[in-house]
Every structure is written in C-alpha cells, then in structure tokens.
Amino acid sequence: MSARFEELDWRPTAMGEISLRRRRDPLSGDDVYEVKLGDEYLMSSLFTTGEVELARLGLAELADGPLDVAVGGLGLGYTARTALDDPRVRSLIVVDALAEVIDWHRRGLVPLGAGLTSDPRCRFVRGDFFAMTAGSAAAGEPPSADGTRADSPASERDSAGVAGAAPRGLDPETPGRRFHAILLDVDHSPRHVLHPDHAVLYRPSGLRALAELLYPGGVFALWSNDPPDEEFNSVLAQVFTDTAAHVVDFDNPLQGGTAANTVYVARRRDG
C-alpha cells in the first residue's frame, strides 16, 4: 500500500505544469491516481466510467473486425485499455501531446501502463491530435509528431521522425491512414477547450477533416464533461450520420449521489 499522498512526477510543459499524484482513498483504502494541469484536475482513476464508455459505445457501432482504432488523449489509459480488450481490435494508435504522459506509462508509474506498453497492437504517438487532424486535409507541412511503438527502445524513439516533415494524419508512419474508429478525450467539452486552437475541430470544417481519416461507415466518438449540447450535435449532424449523445451516469463518492458525462457517437457517411 502506498503512502497517504505522494507526488509521482511533476514537470513544466508547454501547456503548463503537469503533475501525477497518488493518494490513498480513506473510504476504500485503494490507491487513487490523479493528474493535474496547474491547479486544475484533468483526470482521476476514481472516475473512469466515461473513459471506458467512450471506447465501448464507439466500438459497439461497428461490425465484425478486424478494426484499426485511434485514440486522441492517453491520460491514465482507460479508453485505450477498453479498446484493446475488444478482440476485434487489431491495431491501436494513441496520440498525446505530452511526452510526459506517455513516459508515465512507459515507466509503469500508472496502473495500466505496463499492459498498454507490452501489447504489440498498441503504439503511442507524441503529437498534437488537433493539428495532425487538420493537417490531414490542409496543404503544406503538418505539425511534427513522434510516432513510436509503445515498446520501442529509447534509441529508436529518439530517432523516429527526425528526417523531413512528419506525415499527415494520425499515424506518422502511414500518411493519410484511415481508421474504423477515432475516439477523442482531450478537452472538457466542445465549448470548454484546453487550448483555443482546439476549437476549430468542433466546427464543420474541423469535423470534415477528421472524417477524412475514417473509412466510410467509420465511427467518431467524443467524450464531454458537459450535458448533451444540441448546438454541437447539430454541427456534428452536418458532417456525420447516425449521430447520438449518450448520457453516462456514474457514482460520485466525493460529492455523494451520481454524476454524468456525455459521449457523442457519429458515423461517417458511406461512399
């Protein structure tokens, strides 16, 4: 059992100071892992239902595999873990802007890290999901990204993607690669983004660029901390078909009672 509270890592990043903390829950006695960006809580292992349901609801819309899946936002790894637990999934790319978060998994500082990094289907990509998605449809050089296998040796990671501009899309190794599902959990919601540059993704032009990275009939699923947003759902319906906003309820032991997230699920039009 861990100490009552321990800061496992703290680092300055381009987005602000990020920290990984572990504390002992006084009610259950279990270890709780928390990530903070500055003074703001980003995620906690105490609340993972929404991250699990993001993968479950998104992949439930797809027929039999094999499936190629991309996840935007690694976090504590619960969306990635749930995707890999689906036997139809043959490959998973997880894009995260922060090398520090990827490093936590590689070093085994978070509970799911060892399982993700040892799974041959899983590959971590360090890059800006939003810029990479927009770059897939834009002219000129896309933003740089470092795509490496989750179990790559350090020397291989250090040399990846150094020569020339990074390829377009979410897989630096395969320009323009398409996926059967793209699952996104980075911003608090389409209205409450972590960086102003993210906002364009939630407009028709940004969603069209993302849709180009899906196979026809492929699925885009998005986690949101806000209640269903009819305005955003209308924007989503301009680009995708079969759109739905699922309310995901979960227990909240800190405040008592239940809380809720929203998972949007939308299908790319065929053809």
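Located above this text is the structure these notes cover.
No experiment lies behind these values; they were computed from the predicted model shown.

### Let's talk about the overall build of the protein chain
Looking only at helices and strands, the protein chain has eight helices and 12 strands in total. Considering the protein chain as a whole, with its 271 residues, one finds that 51% of them fall into the buried category. Residue pairs in contact within the protein chain that sit at least 24 positions apart in sequence constitute 64% of those at least 6 positions apart. Surface accessibility of the protein chain: about 12300 Å² in total, with carbon and sulfur atoms responsible for 49%.

### Points about the environment of Pro 87
Structurally, the position occupied by Pro 87 is in the loop between helix H2 (78-84) and strand E6 (89-96). Taking the C-alpha atoms as reference points, Pro 87 and Asp 64, 23 residues apart in sequence, are found 9.7 Å from one another.

### Brief notes about unusual backbone geometry
A cis geometry characterises the amide bond from Gly 65 onward to Pro 66, with omega recorded as 5°. Mapped onto the secondary structure, Pro 66 falls in the loop between helix H1 (49-60) and strand E5 (67-72). For Asp 242, which is not glycine, the phi torsion reads 55° and is therefore positive. For Asp 242, the position within the fold is in strand E11 (residues 240-251). Judged by its relative accessible area of 53%, Asp 242 is exposed.

### Considerations on the layout of surface pockets
In this structure, the largest pocket encloses a volume near 1200 Å³. Lining the largest pocket we find 49 residues, and of these Tyr 41, Leu 42, Met 43, Val 186 and His 188 sit closest to its centre. Breaking the lining of the largest pocket down by element, the ones donating at least two residues are strand E2 (16-24), strand E3 (31-37), strand E4 (40-44), H1, E6, helix H3 (99-106), helix H5 (129-135) and strand E12 (258-268). Of the residues forming the lining of the largest pocket, the biggest block, four residues, is contributed by E4.

Cut-offs used in this document
- Residues numbered from 1 in each chain as written.
- Predicted model: local features only at pLDDT ≥ 70, side-chain atom pairs only at ≥ 80, totals over all residues.
- Heavy atoms only, no water.
- Helix = DSSP H or I, 4+ residues; strand = E, 2+ residues; numbered from the N terminus.
- Buried < 20%, exposed > 50% of the residue type's maximum accessible area, 1.4 Å probe, protein only.
- Contact = heavy atoms within 4.5 Å.
- Areas by Shrake-Rupley, 256 points an atom, 1.4 Å probe, with all protein chains shown as cover.
- 1 Å grid on protein atoms, 1.4 Å probe; cavity = no way out; pocket = protein on both sides within 12 Å on 5 of 7 lines; lining within 4 Å.
- Points joined across faces, edges and corners; volume = space filled by probe spheres on them.

So, to be careful, I would describe these as geometric facts and stop short of saying anything about function.
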